[in-house]
Every structure is written in structure tokens, then in C-alpha cells.
Amino acid sequence: MGKIKHWLRSMPLRRAFVSLVLVMAVLVAGISAVTIFTCVNVQNQILESVTDYQVLPPQETKDEYNLVIADDEQIVPGENGQLVILSTEYQIANLSDTQRVAYYAAKAAVVLVPTLLFVLGTIFCAWMFYSIKLKQPLSLLLQSADRISQSDLDFCLDYPASDEMGELCRAMDTMRAALLKNNQETWAMMEERRKLSASIAHDLRTPITVMKGYTEYLSHNVPLGRISEDKLMDTIRNLSLATDRLEQYANQVREIQAMDAIPVKPTSCSLQKFFEEQEDEYAVLAQQHQLQFSMDISGVPDIQVMLDGILVHRMIDNVISNALRFARREITLKAGWQEGLLTIQVHDDGKGFSEESLRSATRPFYKENTENDHFGLGLSICNTLCQKQGGTLSLSNNNGACVEMQILAEKIDAD
């Protein structure tokens, strides 16, 4: 029975239903044929126990008989002018009560048993089809729908059959997995927003405290004439610097919040030419900081790819700007492309990332040194832009800091 269930579960619904119907039809037809054959034999055996004819006395002319012959009767000539009527009805009339009951029961069974077998076979066929093909997957689907409606997505819908119900269960599990992933991403985003809000509140406290201190100082001392003109101008200048700092911070917050809305617009781009055009720009920038800049694009083939050059340029700008602040003598950019994936590494020979920076440097407004004017957005922006282009950003140390960016860049086949 287990093999039959496994065989039926591996079949498509339509084929399984047709197979069950055909098997049941053959069984019903076979049992019905045996039943009819047996009942007819029983009837014949009962009739054979009595005579099947009656003899009429001879008459002068045949017309004098004035007989009405039934369908199951046959008249044959007998001896001495007698007539012999062969008749099943005559046999039945001569049966005993017990024989007559048995005869009619067998006759009724010829019709009733096949009809009953057909009805029972249909019910059994439907029950088998539901039990084997529908009961378990429908139960799993209902349970899964109930758990999903309660926001319980941490389960696996496992129904190994290869039929349509198996495909439906796998589609339901795929939807569940997608919802779970979306929920996890949503929670992660909410957590990042929470950390961002906390960071903003923390970083805003300093310029606000400075501005509040200066305003309180002025409000107490200006009316009493205790502040000289130079001191007053000094205080106003410091207030202006704090205001500028606050304005810059607000602009940076607006920029990081707008990252998600930046569209990715890949266009046809010559990969080698893209990097060659930037080499001189970064070399000049490094010279302004008394640093050496080198670029290694030996791993970049001379091909056309689909790339959003503006976003990639911005990512490289941010990483190199960070490297300029920490490098001692040299900054190196290395690029390579393989199977639709563009890899860009920026390495500087500075002190490298701390353990905390390796874990947190891609978070918005993360600063290892809180005393400088750096906002801590460069790597966070790069990380967001990498993800928008189907890639990743990773940090490591290799005789200095190394930032690796990977993004998708599909090759354009030449016609």
C-alpha cells in the first residue's frame, strides 16, 4: 500500500485521478461480470430442477388451440398430435417458495450488485484520491496560512511530492521565506534607523550645547556691559561656527536619508576607459596631501559593461577621501572584473582599522575619533550604494586599511 501511495503522489493530479478511475472501473467491471455470471448460473440451476414444458392434448385443427404465445414460450409438435410448450414461466410456476425466492434474488442481484459496486467504487475512488493526493497538502497549506496570519514565519513547509500540490506547497514556502526575509530586513532597517536617530541625537548635543552656552553668556553679560567689542565679535564668530556645523550636520542627515531613493541607472561603459579617466584625478588629489597614488587595472578586461558610472565614481571618491586622512605615504587602487562582478579595492598604508571599526565603520555617523570634524558617512554611503547595485562592501587590514567594493556589471555582448 505504501508503494501505491508513493506512486500516486509522484503523479500529476489529472493522471492520478484517471488512473484511479480506470483501476476502479476494471475492478467494478470484473466483479460485476463474475456476479452476473454466478447469478445466471444460480437461476439456471434452480430452473433445471423442474420441467420446462407442458403438454396440451391433441385437437382436430390448430386453430382450436387459440393460444397466445408469450415471448419466452416456444411451441413444438409432440407425439400423437399433442403440442409441447417450452416455457420459463411454467418452470417458475412449478418452483417451491424457497426456490422462487432464491430465483428472484439472483435475478435482482444481476442488476443491483453492479449498480451498488459502481456507487461504492465511485465513493472509494474519490476517498482514495482525496486521502492520497489532497488531504495532507491541504492540511499543511491551511496550517501554514494560519501561522503566517499570526506573523509566525519561522517554519518550513515540507511536502516532497512532485505533483501540482507539491508545487503549490513549495510556492507557499517560497512566499513564507520571502516574507521572513522582508521582515528581517524591515527589522534590521528599523534597528539601523534607531541607531541613526540615537547617533543624530548624540552628535547634535555638542553644537546645541555650545550655542546654548554662548547665548546664555551673552544674555547675562551684554546688558551689564561686561563684554568688550572684541570678545563680543569672538563669541558671535563661535556661534556662527556652531551654526554652520549644525547646518552641515543637517545636510548630511538629509543626504543619508535620501540614499534609498537614489535610482541606479546603468549605461554602456568601457571598463578600462572608466578607470583610466580617473587615474590622473586621484593622483593630483594625493599629491595635494603629499601622498603617492597608484592604480592597478590589469585585472580589468577591455569590454563594455552595464554600469552606473556616476554612482561608482562617487563610491570611489568616498573611499579615497577616507584613505587620504589615514595614509602615511601611499594609496593604491586595484580593480578586476570576473563573470559579471566588478571588484574595486582601495588600500592605504596607514594604521588600519581597529576591531571596533571593522564591525561598525559602515554604520551612519560612526567615528572612531569623536574630536574631529569628520561626520562618519563615507563608508556608510558606499555600503548603501554597493547594495543598491547588487554588491557588497567589506573592510579588512593588510599592512594598512583595505576597503573592497563588489558590484554587478554585466558584460555587453558584441553583435
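Figured I'd write up the structure that's included with this text.

Criteria and thresholds
- Residues numbered from 1 in each chain as written.
- Predicted model: local features only at pLDDT ≥ 70, side-chain atom pairs only at ≥ 80, totals over all residues.
- Heavy atoms only, no water.
- Helix = DSSP H or I, 4+ residues; strand = E, 2+ residues; numbered from the N terminus.
- Buried < 20%, exposed > 50% of the residue type's maximum accessible area, 1.4 Å probe, protein only.
- Contact = heavy atoms within 4.5 Å.
- Salt bridge = Lys/Arg side-chain N within 4 Å of Asp/Glu carboxyl O.
- Phe/Tyr/Trp six-rings, centres within 6.5 Å; stacked < 30°, edge-to-face > 60°.
- Lys NZ or Arg CZ within 6 Å of the ring centre and 35° of its normal.

Brief notes about the overall build of the protein
Reasoning step 1: Across its full length, the protein holds 10 helices and 10 strands.
Reasoning step 2: Across the 415 residues that make up the protein, the buried fraction comes to 33%.
Reasoning step 3: A separation threshold of at least 6 residues defines the contact pool for the protein, and within that pool the share at least 24 residues apart is 68%.

Points about the pattern of salt bridges
Reasoning step 1: Evaluated as defined, the whole model comprises 4 salt bridges.
Reasoning step 2: Between D97 and R100 there is a salt bridge; the shortest N-O distance is 3.3 Å. One end of the pair, D97, and the other, R100, are both in helix α4 (residues 97–149), 3 residues apart, so they sit about a helical turn from each other.
Reasoning step 3: Take D97: its relative accessible area is 59%, and that puts it in the exposed class.
Reasoning step 4: Residue class for R100 comes out partly exposed when judged on its relative accessible area of 24%.
Reasoning step 5: For R147, the salt bridge is made with D152, and the minimal N-O distance between the two is 2.9 Å.

Digging into the side chain of Q43
Reasoning step 1: Mapped onto the elements of the fold, Q43 is located in helix α2 (residues 13–47).
Reasoning step 2: With residues near it in sequence (within four places) discarded, Q43 still touches Y103, A106, K107 and V110.

Considering the packing of aromatic side chains
Reasoning step 1: Under the definition given, this model contains 5 aromatic pairs.
Reasoning step 2: Ring centres of F274 and F275 lie 5.2 Å apart, and the angle between their planes is 85°; on these two criteria the pair is classed as edge-to-face.
Reasoning step 3: Where Y282 meets F293, the ring centres are 5.8 Å apart and the plane angle is 55°; that geometry is what we call tilted. Taken together, the residues Y282 in helix α7 (residues 271–288) and F293 in strand β5 (residues 292–299) connect sequence positions 11 residues apart. Of the two residues examined, Y282 and F293, each falls in the buried class.
Reasoning step 4: Positioned over the ring face of F155 is R176, at 5.3 Å from the centre of the ring.

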